[in-house]
Amino acid sequence: MRDMYMRNGHGFILVYSIVSEDTFKELQNVRDRILSVKDTEDVPPMILVGNKLDLEEVKNCQDAAAFVCSRRSISFHRSE
């Protein structure tokens, strides 16, 4: 079912928790799966959103996320 949504999607919002580096790392697998399912040369628009900003003092991996996004032409946004 999820593959069907990916195949038919025209853009994707990828959300991770800024207090969990594992959720950020998992997004690479999600992105790779989207590209595999779409099976096209055209990369669909993707936005990366860091969530749980209110817990920023616990742990913050948003600098790494911003860096990865800049290298892959992905928009980077934080939610509050």
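So, a few notes on the structure that sits alongside this text. (Residues numbered from 1 in each chain as written. Predicted model: local features only at pLDDT ≥ 70, side-chain atom pairs only at ≥ 80, totals over all residues. Heavy atoms only, no water.)

## Some points on the overall build of the protein
Quick reminder of the rule: Where helices and strands are cited, they refer to DSSP runs of H or I of at least four residues and of E of at least two residues respectively, numbered from the N terminus. Only protein chains enter the accessibility calculation, which uses a 1.4 Å probe; a residue whose area is less than 20% of its type maximum is buried, one above 50% is exposed, and one in between is partly exposed. It only takes one pair of heavy atoms within 4.5 Å for two residues to be counted as in contact. Where accessible areas are quoted, they stem from the Shrake-Rupley method and a 1.4 Å probe; at the residue level, only the protein chains shown are allowed to cover.
Looking only at helices and strands, one finds 3 helices and 3 strands in the protein. Listed N to C, the secondary structure of the protein is α-β-α-β-α-β in terms of helices and strands. Buried positions account for 29% of the 80 residues belonging to the protein. Long-range contacts, defined here as pairs at least 24 residues apart, represent 72% of the contacts in the protein between residues at least 6 apart. Carbon and sulfur atoms provide 49% of the accessible area of the protein, an area that totals close to 5,600 Å².

## Structural notes on the environment of Arg 7
Along the polypeptide, Arg 7 turns up in helix H1 (residues 2-8). The exposure class of Arg 7 is partly exposed, given its relative accessible area of 47%. The sequence separation of Arg 7 and Val 37 amounts to 30 residues, and the corresponding C-alpha distance is 5.8 Å. Not counting residues up to four positions away in its chain, the partners in contact with Arg 7 are Val 37 and Lys 38.

## What to know about the side chain of Arg 31
Stated formally: Two residue types count as positive, namely Lys and Arg, and two as negative, namely Asp and Glu; His and chain ends fall outside the count. Take a side-chain nitrogen of Lys or Arg and a carboxyl oxygen of Asp or Glu: if they are within 4 Å of each other, that pair is a salt bridge.
Within the fold, Arg 31 resides in helix H2 (residues 21-38). Of the side chains bearing the opposite charge, Asp 32 lies closest to the buried Arg 31, which forms no salt bridge; the N-O distance is 4.3 Å. Residues contacting Arg 31, with those up to four places away along its chain left out, are Leu 14, Met 46, Arg 72 and Ile 74.

## Quick word on the nonpolar core
Selection rule: To qualify as a nonpolar core, a set must consist of buried Ala, Val, Leu, Ile, Met, Phe, Trp, Tyr and Cys residues joined through side-chain atoms within 4.5 Å.
Counting residues in each nonpolar core, the largest one holds 14 residues, and the members touching the most others are Phe 12, Leu 14, Tyr 16, Ile 34, Met 46 and Leu 48. Where this core is concerned, the elements lending two or more residues are strand S1 (12-17), H2, strand S2 (46-51) and helix H3 (62-72). With residues near it in sequence (within four places) discarded, Ile 34 still touches Met 6, Phe 12, Leu 14, Pro 44 and Met 46.

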